[in-house]
Amino acid sequence: MKSKLNLDPKVIDSARSCAARIAAEMQIFIDRHTTVSTERTILRLLGIDGVDEVDTPLANVIVDVLKEGGGLGRGAAYWIGNAMIQTGLSPQEIAEKTASGELELLKLPTCTAKESEEKILPVVLDALSAIRKQTEKREEYLATIGEGKRPYLYVIVATGNIYEDIIQAQAAARQGADIIAVIRTTAQSLLDYVPYGPTTEGFGGTYATQENFRLMRKALDEVGEDVGRYIRLCNYSSGMCMPEIAAMGAIERLDVMLNDALYGILFRDINMQRTLVDQFFSRVIIKYSGIIFNSGEDNYLTTADAYEEAHTVLASQFINEQFAVLAGIPEEQMGLGHAFEMDPEMENGFLYELSQALMAKEIFPKAALKYMPPTKFMTGNIFKGHLQDALFNMIAVWTGQSLQLLGMLTEAIHTPHLHDRMLSIENASYIFNNARNIGEEIEFKEGGIIQKRAQSVLSEAEKLLADIEKEGLFATIEQGKFGGVKRARDGGKGLAGVCVKDEQYFNPFIPLMMGGAK
Amino acid sequence: MSNVCTTATSSIDLTKIKPYGDTMNDGMTQLSFTLPVPYGDEASEAAKQLAKKMGFDEPSVVYSKDLGIGYTYFILYGKCQHTIDYTTIKVPKVEGDVMDRLECEKYIADNIKREVVVVGACTGSDAHTVGIDAIINMKGFHGHFGLERYKGMEAINMGSQVPNEVLIAKAIEVKADAILVSQIVTQKDIHIQNMTELVELMEAEGIRDKVILICGGPRISHELAQELGYDAGFGSHSYAEDVASFVLTEIVKRKMV
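Conventions adopted
- Residues numbered from 1 in each chain as written.
- Chains lettered and ligands numbered in written order.
- Predicted model: local features only at pLDDT ≥ 70, side-chain atom pairs only at ≥ 80, totals over all residues.
- Helix = DSSP H or I, 4+ residues; strand = E, 2+ residues; numbered from the N terminus.
- Rg over C-alpha atoms; globule rule 2.2 N^0.38 Å.
- Buried ≥ 20, exposed ≤ 12 C-beta atoms within 10 Å, placed from the backbone.
- Contact = placed C-beta atoms within 7 Å.
- Pairing = 2+ DSSP bridges.
- Axes fitted to C-alpha atoms, helices over the stretch in contact; angles between N-to-C directions.
- Parallel < 35°, antiparallel > 145°, perpendicular 65-115°, else oblique.
- Left-handed = near helix turned anticlockwise from the far one by under 90°.
- Nonpolar A, V, L, I, M, F, W, Y, C, P; charged D, E, K, R; others polar.
- Core = buried A, V, L, I, M, F, W, Y, C linked by C-beta atoms within 7 Å.
- Domains from an automatic or database assignment.
- Expected span 1.5 Å × (residues − 1).
- pLDDT = per-residue confidence, 0-100.

A few words on the overall build of chain A. Assigned secondary structure in chain A consists of 20 helices and 11 strands. Taking 2.2 N^0.38 as the reference for a compact globule, 518 residues should give roughly 24 Å; the C-alpha atoms of chain A span a radius of gyration of 23 Å, in line with that estimate. Once the C-alpha set of chain A is aligned to its principal axes, its extents read approximately 75 × 55 × 40 Å. Expressed as a percentage of its 518 residues, the buried residues of chain A come to 57%. Looking at chain A alone, contacts between residues at least 24 apart form 77% of all its contacts between residues at least 6 apart.

Regarding its fold elements, chain B presents seven helices and 10 strands. Over its C-alpha atoms chain B spans a radius of gyration of 24 Å, topping by over 25% the 18 Å that the globule rule assigns to 257 residues. Taking the principal axes of its C-alpha atoms as reference, chain B extends roughly 70 × 50 × 35 Å. When each of the 257 residues of chain B is scored for burial, the buried share is 34%.

Before going further, it helps to spend a moment on the sheet that holds strand β3 (residues 28-35) of chain B. Residues and elements named next belong to chain B. Spatially, the three strands line up as an open sheet ordered β3-β5-β4, and their pairing is antiparallel. Taken across any chain shown, the strands that pair with only one partner, and hence form the sheet edges, are β3 and β4 (56-66). Put simply, the sheet's adjacent strands are angled 20° from each other on average, direction ignored. Two elements, β4 and strand β5 (residues 72-80), share eight bridges in a ladder whose sense is antiparallel. Considered in β5, the bridge of Asp57 is made with Lys79. Across the sheet, helix α1 (residues 41-53) lies against β3, β4 and β5, angled at about 145° from β4, the strand it touches most.

Let us look at the packing of helix α7 (residues 162-175) of chain A against helix α16 (residues 418-434) of chain A. When two helices pack together, you describe them by how their axes are tilted relative to each other and by the distance separating the axes. Residue and element names in this part refer to chain A. One way to put it is that α7 packs onto α16 with a least axis distance of 10 Å and a crossing angle of 25°. Between α7 and α16, the angle is such that the two are roughly parallel. Relative to α16, the crossing made by α7 is right-handed. Each of Gln168, Ala171, Ala172 and Gln175 in α7 lies in contact with α16, whose residues at this interface are Leu418, Arg421, Met422 and Ile425. Looking at side-chain class alone, the contact of α7 with α16 contains five nonpolar, two polar and one charged residues.

Contact residues are listed per partner, giving 21 residues for chain A and 22 residues for chain B. For the side of chain A that touches chain B, the secondary structure elements donating two or more residues are α7, α12 (300-303) and α16 of chain A. Among the elements that line the side of chain A that touches chain B, the one with the most residues is α7(A), at five residues. Considered class by class, the residues forming the side of chain A that touches chain B number eight nonpolar, nine polar and four charged.

With that out of the way, let us pick up the sheet that holds strand β9 (residues 212-216) of chain B. Residues and elements named next belong to chain B. The strand order across the open sheet built from five strands is β7-β6-β8-β9-β10, with neighbouring strands paired in parallel fashion. If you trace the sheet from one side to the other, it starts and ends with β7 (153-157) and β10 (232-234), each paired once. Strand-to-strand twist of the sheet, defined as the mean angle between neighbouring strand axes without regard to direction, takes the value 20°.

All names here are of chain A. Most of helix α9 (residues 242-251) is tucked away: 10 of the 10 residues are buried. For α9, the set of buried residues is Met242, Pro243, Glu244, Ile245, Ala246, Ala247, Met248, Gly249, Ala250 and Ile251. Tucked into the core, α9 has its buried residues touching α2 (36-45), α6 (113-144), α8 (210-227), β4 (232-236), β5 (256-258) and α11 (272-288). Residue Arg253 follows α9 closely and has a positive phi angle near 60°.

Let's shift gears to the pairing of β7(B). Residue and element names in this part refer to chain B. Burial of the side chains of β7 is restricted to one face: Met153, Ala155 and Asn157 are buried, whereas none of Glu154 and Ile156 on the reverse face is. Judged from the five bridges that link them, strand β6 (residues 116-122) and β7 form a sheet pairing that is parallel. The partner of Val119 across the bridge, within β7, is Ile156.

A:Ile180, A:Met257 and A:Leu465 are the most contacted members of the largest nonpolar core, which has 175 residues in total. Among the elements that line this core, the one with the most residues is α11(A), at nine residues. B:Ile108, B:Leu180, B:Ile212 and B:Val243 belong to the second largest nonpolar core, which has 46 residues in total.

So, about the domain arrangement of chain B. Taken domain by domain, chain B holds domain 1 (4-87) and domain 2 (101-253). With centres defined by C-alpha atoms, the gap from domain 1 of chain B to domain 2 of chain B works out at 39 Å.

Residues and elements named next belong to chain B. Two elements in contact, helix α2 (residues 101-112) and helix α7 (residues 240-253), have axes separated by 10 Å at closest approach and are oriented at 15°. The angle between α2 and α7 falls in the class roughly parallel. As for the relative orientation of α2 and α7, their crossing is left-handed in sense. Between α2 and α7, the residues in contact are Arg101, Cys104, Tyr107, Ile108, Asn111 and Ile112 and Glu241, Ala244, Ser245, Leu248, Ile251 and Val252, respectively. Among the residues making up the contact of α2 with α7, the classes are represented as eight nonpolar, two polar and two charged.

Residues and elements named next belong to chain A. As for its placement among the helices and strands, Glu244 is situated in helix α9. Judged by the 33 C-beta atoms lying within 10 Å of it, Glu244 is buried. As a C-alpha pair, Glu244 and Glu39 span 205 residues in sequence and 8.8 Å in three-dimensional space. Each residue touching Glu244, except ones within four places of it in the same chain, is listed here: Ser37, Arg40, Thr41, Arg44 and Val194.

All names here are of chain B. Between the first and last C-alpha of α7 there are 20 Å, a value that for 14 residues agrees with the 20 Å anticipated at 1.5 Å per step. Those residues of α7 not exposed but buried are Ala240, Glu241, Val243, Ala244, Ser245, Phe246, Val247, Leu248 and Ile251. In this structure, the buried residues of α7 make contact with α2, β6, α3 (130-136), β8 (178-182), β9 and β10. Following α7 by one or two positions, Lys255 has its phi on the positive side, about 55°.

Take unusual backbone geometry next. Excluding glycine, a negative phi dihedral is what most residues carry, and trans is how most peptide bonds are arranged. All names here are of chain A. Cis geometry is found at the peptide bond from Arg150 to Pro151, where omega equals -10°. Examined against the element boundaries, Pro151 turns out to sit in the loop between α6 and β2 (152-157). Phi angles above zero are rare outside glycine, and Asp55 is one such case at about 65°. Structurally, Asp55 can be placed in the loop between α2 and α3 (58-68). At Asn348, a residue that is not glycine, the phi angle is positive and equals roughly 65°.

Now for the confidence of the model for chain B. Residues of chain B with pLDDT of at least 70 account for 94%, and the chain-wide mean is 90. Two summary scores accompany this predicted model of the complex, namely pTM at 0.87 and ipTM at 0.84.

As a further point, take the environment of A:Val11. Along the chain, A:Val11 falls in helix α1 (residues 9-32). When sequence neighbours within four positions are dropped, the list of residues in contact with A:Val11 reads A:Leu458, A:Ser459 and A:Glu462.

As for its placement among the helices and strands, A:Pro344 is situated in the loop between β8 (337-339) and α14 (349-363). Separated by 30 residues in sequence, A:Pro344 and A:Pro374 have C-alpha atoms that sit 9.4 Å apart.

This is the structure in C-alpha cells:
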C-alpha cells in the first residue's frame, strides 16, 4: 500500500535493521544469564503451586534454597528432574517436602543434565498441552461467538477487590467493552513474589494472583457467551515477576499482557539486567500462548514532552519489535504502545497526533497497536476531558489502531466509576461507528504539515537508533535518552536475582515453546 | 463591607448565596449518579426522590441509561434550597507574594547568597510522578519552568515510590533546605498515613525544625498540610514559582541564610 505520509522505505529499513542489531547484541547478554523469577516461572510451569505456612509461594522457597546453596546457575529444572529421579516424587511433592525441611534438594545424589531433562520431559509436555488447550479454547470462542470490531474497546477495572472488579467488568462488557484490564495494586510490580489466592484488598488496583485471573476469566467467559462476543482479559506481565505472571496468564488464558522491560527500568527502577533477562522468557511464553503483548512507550510521554520526544517513542517501538522477533512473536501479537499526550493548547496538535498515529500504523502495519488516551493534560474539567477523549477516538478509527484504551472523563480525579466507563464506551462507539471508513477516504497534502511531521519524526528516530547501536542499550538508558529518566546498569531493584548460567543449565520450555510444540 | 453588591443584572445578597443557572437565585444544579436498581420508571422516581432529600426542589431526571447489570445512570437538574453566607468564609492560604522565576533568582542572590537545596519525591507506594516532575523538572508544566531551571537552586527529584526513610536520608546527606512531597494517588486515604509518618520520622531524626517541609497534590490543601504538621501545602494549579517563593521567604524569615 502506498504511504499516505510519503515515508521513505529506506529510512524505515535502516531504522529497523539498527534496532535488530541492538536487540541481537542484548540477546547475547540475555542468553548467558538466568534470574530468580525466570527459575520460579519454570517451577510454576512444572505445576508447583501453593504457599508455605508463612505465605511464601513454594516457587520462591525452592529458588531461595537453590540460590543460597549456589545451585541456581544450573537451573531449577535440573534440580527438580534430579529430585524426581532420586526420590520418585512429583514436582509438587518435592516442593512441599523442601518447604517443610524434609528434603534437601542440593544434598541428593546427582544425575547428569541429560538424565534430568529426560525425566522432566513428560511434565513439561503436560504443561504445554494445558496451555495449548487454553489457546484452542480461545480460538473456538473466536470461531463461534466472535469478537468486537477493531479498534477494540479496552477499559480498566481497579477496585482492589476481585469480586467487585467482576461486577464492574461484566457491566463494561455489557456496555460494549472488548478488553478488560484489571489494574494491579500499587507497587505490586516491586514485589519479588506473586501473592496467592483470591484477594479483596488493594490500593488503586487488585493483586495479580493466579486465582484472581481464574475468577475473572470465568466471569468474562460467562458474560461473553451472553453478549455473543469474546471478551479479552488483560493483566501485567511486568515488574519483578515478569515471566511468572506471563506463565500464570498462559495457564489461565489471558489474552493481552503489558510486557516491557524498558518501562520497568525507567518507571519502576527495576534493574536493567534483571528485567531484560526476565522479558525474554516472558515473551517466549506470550508467543506460545497467543497473547498480545503491550509495550509501554506511551509512558515516556507522561514525563517527556509528546511533541519534542515523539521520536523516542518510535525508536523504542522498533526495539520492542525486534526483541519480540527474537522471542518468535508474530507481528499480530505485537501491541506496540503509543499515546495521545500532546498539550491541548498546542496549535495544530491534532494534526501532529494524527501524523504520529498513522506513522506507527504505516511502519508496523500488522501489529496490534495499543493507543493510550490523554492523561497528562486532563484537568478535572470532565466536560473538556470528554472532548479530549473524543479527539483521541477520532484519530484511532482514522488510523486503524487495534487496542484502544479508552480515556475516562474523570482521569486525574479517581479510578473510574461505573458510569464513567459507560460514558467513555459510548463516546468511542459513537465515533468509531460514525467515522468508520474515514481513513480510506482521506489522503494528505503532499509536503503538508502532516506528512512533514511524520518524516521528521522517523528520521530523528533513525538517528537515535544509530546512536544507541553505537553506544549499546545499557549505556543509552544510563544517559537518560528514554523518557528523560536515567538509570544505572547496576542500580535499581532486583540485580541480586541475576545469575550466570553454568554449562549444564537448561530451561526445557524455551526450545519447545519457540518450536511451537503441541 | 456591604452584604449587598450589584452586578450587571441584579443584586446579590452575599449572606445568602445559592447556585446560578440563568436567573439570580434560581439554584439550578446539575448532577449525575448511578443507583443500583434496574432501569425503568421506578428507578427514575427513586432518583428524583433522592434528589429531593439532597435538598433540591423540582428535581427532574433529564436522562437515564441502563448500565447493563441491573443498575441505572441518571443526569438530573434540581433547584438547590440551601444558601451559604459568603461573608463569613475563611480559607487558610499560603501567605506571601509569589515571585516569578527571575525574581526568585534575584531574591536568592540578594538575600540568601548561597545555593538553596531542595529534595523532592513522590513517596510511599505512589508511582505517579506527574506532580513532582511539574514542580522540579527543568521543563516544568504549562510554560512554568521547574526548579531545576532556577539559578541558585539545586533541586533533586528522587522520582516515585520513594520510602520516607530514603527521602530523609537524602535530605540529610545534601543538607536540604526544603523537602517536597508529592502525593497523587490517594485511594482510601493512604496519603494521610504516609505523610504523617514522614513528619514523625523527621521528628525522630531531630530534623523537623531544620527543614522546610512542603506537600503537594490534587487532593492536598494548605489547611490539610498544616493539620498534618507541614509548613505548607499546594493543590492543583500550583507551579514551581509558588513553591519557590514560599521556600525562599521562609529561609529568610527563619534566618536559615
